[in-house]
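# Working through the structure, step by step
The lines below spell out each chain.
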Amino acid sequence: MKRNLLIFVIAMLAGLAGCDNNNENSLPPSTDNDQPTISGSTFDVMEGYESAAQGFNTLKPEGLSDPLYIREKALAGDAYQFAGTDKQRLDEMTAIPTETGDWQPTASIAEGKCYWIRHTSTLLYTYLKLRIAYIEGNNVGVEYIIDSTEQRDPSAENTNANQPLEGYPFVTDLSIPHLDAANQYVEHTVNYNDNEILNYALEWVEDKRHAAWVAFSFDAETSQKNVNRSDDAWMSDPFVPTSPEESDHKSDGFDKGHLCASEDRVYNRTANEQTFYYTNISPQMNSFNGGYWITFEKLLQSWARSGNYEHIYVAKGGTMNNLLTDFTGTQEAADGRLPQTDANGLTRHGLACPAYYFMAILAQEGNNYQAIGFLVEHKDDYGYSNNHQAPVDVTQAHALSIDELEEETGLDFFCNLPDNVETEVEASYQGNEWQWVITE
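As a convention, each chain's residues are numbered from 1 in the sequence order in which they are written. Local features in this predicted model are restricted to residues whose pLDDT is 70 or higher, and side-chain atom pairs enter the listing and the counts only when it is 80 or higher, whereas totals over whole chains, interfaces and linings include all residues. No hydrogens and no water enter the side-chain calculation; it runs on all heavy atoms of the structure.

## Regarding the overall build of the protein
What counts as a helix is a DSSP run of H or I of at least four residues, what counts as a strand is a run of E of at least two, and both are numbered from the N terminus. The number of helices and strands found in the protein is 5 helices and 17 strands. Each radius of gyration is computed over the set of C-alpha atoms, and the globule rule expresses the reference value as 2.2 Å times the number of residues to the power 0.38. In terms of overall size, the protein is more extended than a compact globule, its C-alpha atoms giving a radius of gyration of 29 Å where 440 residues would be expected to give roughly 22 Å. By the burial criterion, 50% of the 440 residues in the protein qualify as buried. In the protein, the share of contacts with a sequence separation of at least 24, taken over all contacts with a separation of at least 6, comes to 66%. Total accessible area on the protein stands at roughly 21,100 Å², and carbon and sulfur atoms take up 46% of it. In this tally, Asp and Glu contribute negative charge and Lys and Arg positive charge; neither His nor the terminal groups of the chain are included. Taken as the charge centre is NZ of Lys, CZ of Arg, CG of Asp or CD of Glu, depending on the residue. One finds the centroid of the 26 positive side-chain charges in the protein at a distance of 4 Å from the centroid of its 68 negative side-chain charges. Buried, partly exposed and exposed residues are distinguished by accessible area as a fraction of the type maximum, computed with a 1.4 Å probe on protein chains only: under 20%, between the cut-offs, and over 50%, respectively. Any two residues whose heavy atoms approach within 4.5 Å are treated as being in contact. All accessible-area figures derive from a Shrake-Rupley calculation using a 1.4 Å probe, and residue coverage is judged against the displayed protein chains alone.

## Considerations on the sheet that holds strand β5 (residues 107–108)
Taken in spatial order, the 3 strands of this open sheet run β2-β3-β5, and their pairing is antiparallel. The sheet is open, and its two edges are formed by β2 (69–70) and β5, each paired on a single side. Here 2 bridges tie strand β3 (residues 74–76) to β5, and the two strands are oriented antiparallel to one another. Residue pairing across strands places A74 opposite S108, the latter belonging to β5. Here, any two strands with at least 2 DSSP bridges between them count as paired.

## As for the confidence of the model for the protein
For every residue, the predictor reports its confidence as pLDDT, a number between 0 and 100. With 93% of its residues at a pLDDT of at least 70, the protein reaches an overall mean of 91. Residue range residues 1–28 is modelled with pLDDT below 50. Its contacts to residues more than four positions away, or to other chains, number 12 contacts.

## Quick notes on the pairing of strand β6 (residues 114–120)
Burial of β6 is extensive: 6 of the 7 residues sit out of reach of the surface. Relative to β6, strand β4 (residues 80–84) is paired through 5 bridges, and the arrangement is antiparallel. Opposite Q81, over in β6, you have R118 as the bridge partner. Pairing geometry for β6 and strand β7 (residues 124–136), over 7 bridges, is antiparallel. Bridge assignment links H119 to a residue of β7, and that residue is T126. In sequence, β6 turns back onto β7 through a hairpin of 3 residues.

## Description of the sheet that holds strand β16 (residues 368–377)
Hydrogen bonds between backbone atoms are what pair the strands of a sheet, whose relative direction is either parallel or antiparallel. Spatial strand order, β9-β10-β11-β14-β15-β16-β17: 7 strands in an open sheet with antiparallel pairing. Edge positions in the open sheet fall to β9 (184–192) and β17 (399–400), since each of these has one partner strand only. Relative to β16, strand β15 (residues 356–365) runs antiparallel, the two sharing 10 bridges. Each bridged residue has a counterpart across the sheet, and for E365 the counterpart in β16 is N368. Each axis is a line fitted through C-alpha atoms, and for a helix only the stretch in contact is used; angles between axes span 0 to 180 degrees, taken between their N-to-C directions. Of the strands in this sheet, β15, β16 and β17 are in contact with helix α4 (residues 402–409), which crosses β16 at around 40 degrees.

## Points about the side chain of N183
Relative to the helices and strands, N183 resides in the loop between β8 (139–151) and β9. Classification of N183 by relative accessible area gives buried; the value is 19%. For this analysis, a polar contact is any N or O atom pair within 3.5 Å, provided that within protein one partner can donate a hydrogen and the other can accept it, and provided that sequence-adjacent residues contribute only side-chain to side-chain pairs. Side chain to side chain, N183 and E203 meet in a polar contact 3.1 Å long. Here N183 is in contact with E203, W204, V205 and A212, once residues within four sequence places are set aside.

## Considering the environment of R209
With respect to the helices, strands and loops of the structure, R209 is situated in the loop between β10 (195–205) and β11 (210–218). Along the backbone, R209 and G350 are 141 residues apart, and their C-alpha atoms lie at a distance of 7.5 Å. What R209 contacts, discounting residues up to four positions off in sequence, is W204, T242, P244, D248, H349, G350 and L351. At 3.1 Å, the side chain of R209 forms a polar contact with the backbone oxygen of H349.

## A look at a negative patch on the surface
Patch rule: a residue counts if its relative accessible area is over 30% and it has no salt bridge; like charges are joined within 9 Å, and nonpolar side chains (Val, Leu, Ile, Met, Phe, Trp, Tyr) within 5 Å. Salt bridge, as used here, is a side-chain nitrogen of Lys or Arg placed within 4 Å of a carboxyl oxygen of Asp or Glu. Residues D403, E404, E407 and E408 make up a contiguous surface patch of negative charge. Tracing the sequence through the fold places E407 in helix α4.

## Topic: the packing of aromatic side chains
Under the pairing criterion, centres of Phe, Tyr and Trp rings, with the six-membered ring standing for Trp, must be within 6.5 Å; the plane angle then separates stacked pairs below 30 degrees from edge-to-face pairs above 60, leaving the rest tilted. Scanning the entire structure with this criterion turns up 24 aromatic pairs. Residues F216 and F218 carry aromatic rings whose centres are separated by 5.6 Å and whose planes lie at 80 degrees to one another, so their mutual orientation is edge-to-face. Residue F216 is classed as buried on the basis of its relative accessible area of 1%. Note on F218: relative accessible area 1%, which makes it buried. Pairing Y292 with Y382 gives two aromatic rings, centres 3.7 Å apart and planes at 5 degrees, and the pair type is stacked. Taken together, the residues Y292 in helix α3 (residues 286–304) and Y382 in the loop between β16 and β17 connect sequence positions 90 residues apart. Classification of Y292 by relative accessible area gives buried; the value is 6%. Members of the aromatic cluster, joined through ring pairs, are F288, Y292, W293, F296, W303, Y309, Y357, F374, Y382, Y384, W434 and W436.

Structure follows, in structure tokens:
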């Protein structure tokens, strides 16, 4: 009896030894796709294609500290980027993509698809080749191999920069936020001292009939005060076919509020006149425009003309992702009407009315940068007016970091900075780095 039991146990152990219980590293099923397509490659099985609840794991290539995983039927990983190819085999993949736009944060999973993968560490890029060998239920079989490494210079990298755009020479200026392809990008330039310079740029949101932002900069020339305000210069924007006109602002209870302020562009007559294009105008409550927001504008102009900075780059606007809906104000405008908006946040003439206004400011002196944002609620009960403007003390309560401002607005400011500089200056602001004094 004991001898028969021993034989039975030995047989059971032998059977168990022949089973593979390591699901994370199980070999693919026996198909044509399980054959290596390059010498030295590794096969692995990733779980989570149909649902993480059915099973989920990660893949950490040898020598790399960060995992790859499946999210919403795509490959992803916090330190990885992916570039698709038209190749069928890993040994056919010979040229690593070099264009910034080729690299994406995820890679759709499709059987037979091959990808370049780039892992980013502090000082090194590691490039992998990966093939989707098969998809079986919740499992995805992959073949991969580490191809090469490359030293990286963080100071020279910019993954979210605007790409050059034919006919728009200033799209990579530091003031310009990351462009939204759904909107119209416009540059207004002037000839000043025999140079064509950017006066200001804007992005026009067609269905809102309002700019997403305006962007411009101050330097030794553009901060000068050489001309007065051009009050008779109101006109439609010649580069925007659907630009509003004077009738769109009549009898609506709002001021015609400048985004790029007239006083921001007084270095040149043409430059000032361009600020009166209706695409640069926003419906603002009278007491907000002339009593509260004006204090923020004067503070910015004081910084720009202080002589403390080589450049100040600015993006200003109203929140197109947060409009003032079903609103009736308490103070009449100069036209004798109360400001009102409908359920969609539009004025009686169909112009978007922002719930907040913002400024994103980047100051440069040599290789040193500092940044600050302002986000100010659009309302008419601050207690100030044209004849009683808010003191500078109110501004600090509305200050925030650029990262926080981006969260609130959905915009990507100062995208043309190198990534390492952008990350540092946008993470926080230091109030003691700014002079909270109005000299204008």
